[in-house]
Amino acid sequence: MTQKILISTGGSGGHVIPAITFYNHLKHTHEIFISTDIRGLAYLDKNYKVFVINTPKLNNYFLLPFSFLKILFLTIKSFFLLKKNNISILISTGGYMSLPLCLAAKILGINIFLIEPNMVLGRANKFFLNLSKKLICYSKNLINLPSGINNKLTTIKPLIRKEYYEAVEYQKKDNLFTIIIIGGSQGAKIFDELLNKSIVSIAKKVSIKIIHQTSEKNINFLKNFYSQNNIENRVFSFDHNLNEVLKQGDLCITRAGASSLAELSLLAIPFIAIPLPSSKDNHQYENAKYYKEQDCCWIIDQKNFDDQKFEKFLMEMINKSQDYMTKKNNLQKLNYQNTWNNVNQKILKIINEN
């Protein structure tokens, strides 16, 4: 009898993308469902069997009584959802969104597997660690990991969508140095404004192309800015085929979400990480630090950004300095034998072991 698995996710792409990837690894051997909140629906199309469990955030003290009542209601709803669909395994990608489902799964005696894509153990995953069967992560050196649970810890290569593996062999057709800026769909001042001066100055010396992801409200401004300064560009907010965009890049300037860095790493695109200073438990910095310690990237502190130093630094990258080539070579070494099939076999072994 085919096992039925529910993957709980929601919120940002940092939670949903690993869930989608896990779904695709298991869909040929198991019957898979996905549960998400309203925000997570933006990343899921009609091909997935989706349940909506819209868990409230617990960050408003005045609304806490109401939020706890709603979580109680959603836990009861989750209980019947899991029971009705004969779910035998719950996989959670972390975050408050999974709270009702994890509680219900524990009541029903359903095996819980936790996925931690960041280098810092998330608070929800830490809360459910003792109730889970396995914690699946990318490194044994996970920060904030309690002692005495090594038997639950298992590592895999980062969860990367299948199409990115197919893009690895892509060869650029032009010699124009292409800088990709991933500011996120919400945009950020440092990506939409502070980098501009350096980029314009560089464009006066050498020909470059800019591919820039930003918020919808900033698209027209950035398009006009680049065009007025005679810089070849593509500006967008969201692209389901981001792999087709990234593979054109020679260098990427990005935040430090776990999925984004893993995708750039697989494609061997050297990247400059500018971690979000307000990321919970400073996990974006720790994500980037993992690659920096292997000499695969650079990290810039947003609070101490210096446009003149940045301009000089960028020029060295465009000229493909020894440092640039070292980073690129190290990324290739890091992903040696990193294939979809190898990751797939490891995941199946973890899920199917008694």
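Residues numbered from 1 in each chain as written. Predicted model: local features only at pLDDT ≥ 70, side-chain atom pairs only at ≥ 80, totals over all residues. Heavy atoms only, no water.

Caption draft 1: Examining the sheet that holds strand β8 (residues 177-182) more closely. Strands sit in the order β10-β9-β8-β11-β12-β13 across an open sheet of 6 strands; the sheet is parallel. Whereas interior strands pair on both sides, the edge strands pair on one side only; in this sheet they are β10 (232-236) and β13 (297-299). Each strand axis lies, on average, 15° off the axis of its neighbour in the sheet, ignoring direction. Relative to strand β11 (residues 251-254), helix α10 (residues 258-266) is tilted by about 175°, and along the sheet it contacts β11 and β12 (271-273). Helix α13 (residues 322-334) contacts β8, β11, β12 and β13 of the sheet and is inclined by roughly 115° relative to β13. (Pairing = 2+ DSSP bridges. Helix = DSSP H or I, 4+ residues; strand = E, 2+ residues; numbered from the N terminus. Axes fitted to C-alpha atoms, helices over the stretch in contact; angles between N-to-C directions. Contact = heavy atoms within 4.5 Å.)

Caption draft 2: Examining the nonpolar core more closely. Among the nonpolar cores identified, the biggest contains 54 residues, and Ile-7, Phe-22, Leu-26, Ile-91, Leu-246, Phe-271 and Ile-351 are the most heavily contacted of them. By size, the runner-up hydrophobic cluster in this structure holds 31 residues, among which are Leu-195, Ile-202, Tyr-226 and Ile-300. (Core = buried A, V, L, I, M, F, W, Y, C linked by side-chain atoms within 4.5 Å. Buried < 20%, exposed > 50% of the residue type's maximum accessible area, 1.4 Å probe, protein only.)

Caption draft 3: Structural context of helix α7 (residues 196-203). Within α7, burial applies to Asn-196, Ser-198, Ile-199, Val-200 and Ile-202. In the core, the buried residues of α7 are packed alongside β8, α6 (189-194), β9 (208-213), α8 (219-228) and α12 (307-318).

Caption draft 4: Spotlight on the pattern of salt bridges. Tallied over the entire structure, the rule returns 11 salt bridges. One salt bridge in this structure joins Glu-31 and Lys-49, with 3.5 Å as the shortest N-O distance. Of this pair, Glu-31 sits in strand β2 (residues 31-36) while Lys-49 is found in the loop between β2 and β3 (50-52), placing the two residues 18 residues apart along the sequence. Between Asp-281 and Arg-123 there is a salt bridge whose closest N-O contact spans 3.0 Å. In this pair, Asp-281 sits in the loop between β12 and α11 (283-292) while Arg-123 sits in helix α4 (residues 123-128), placing the two residues 158 residues apart along the sequence. Looking at Asp-281, the relative accessible area reads 31%, which means it is partly exposed. (Salt bridge = Lys/Arg side-chain N within 4 Å of Asp/Glu carboxyl O.)

Caption draft 5: View of the pairing of strand β6 (residues 134-137). Where burial is concerned, the two faces of β6 agree: the one with Lys-134 and Ile-136 and the one with Leu-135 and Cys-137 are both buried. Judged from the 4 bridges that link them, strand β5 (residues 111-116) and β6 form a sheet pairing that is parallel. Bridge pairing links Glu-116 to Cys-137 in β6. Crossover β5 to β6 through α4 is right-handed. By the bridge criterion, 3 bridges tie β6 to strand β7 (residues 153-155) in an arrangement that is parallel. Paired with Cys-137 across the two strands is Thr-155, which belongs to β7. (Right-handed = clockwise from strand over helix to strand, strands pointing away.)

Caption draft 6: Summary view of the packing of aromatic side chains. This structure, assessed with the given rule, holds 12 aromatic pairs. Their ring planes at 75° and their centres at 6.1 Å tell us that Tyr-165 and Trp-340 sit as a pair that is edge-to-face. In this pair, Tyr-165 is assigned in helix α5 (residues 162-166) and Trp-340 in helix α14 (residues 340-352), connecting sequence segments 175 residues apart. Overall, Tyr-165 belongs to the buried group, its relative accessible area being 14%. Owing to a relative accessible area of 10%, Trp-340 belongs among the buried residues under this scheme. Where Phe-225 meets Tyr-226, the ring centres are 5.5 Å apart and the plane angle is 65°; that geometry is what we call edge-to-face. Accessibility assignment for this pair places Phe-225 and Tyr-226 in one class, buried. Joined through ring pairs, the aromatic side chains of Phe-221, Phe-225 and Tyr-226 make up one cluster. Above the plane of the ring of Phe-33 lies Lys-49, whose end atom (NZ or CZ) is 5.5 Å from the centre. Sitting above the plane of the Phe-236 ring, Arg-234 keeps its charged end 4.6 Å from the centroid. (Phe/Tyr/Trp six-rings, centres within 6.5 Å; stacked < 30°, edge-to-face > 60°. Lys NZ or Arg CZ within 6 Å of the ring centre and 35° of its normal.)

Caption draft 7: Quick peek at unusual backbone geometry. Residues other than glycine seldom take positive phi values, yet Asn-86 does so here, at roughly 50°. As for its placement among the helices and strands, Asn-86 is situated in the loop between α2 (64-84) and β4 (89-92). For Lys-320, which is not a glycine, the phi torsion comes out positive at approximately 50°. Relative to the elements of secondary structure, Lys-320 occurs in the loop between α12 and α13.

Caption draft 8: Broad picture of α11. His-283, Gln-284, Glu-286, Asn-287, Ala-288 and Tyr-291 are the residues of α11 that are buried. Each element contacted by the buried residues of α11 is listed here: α10, β12, β13 and α13.

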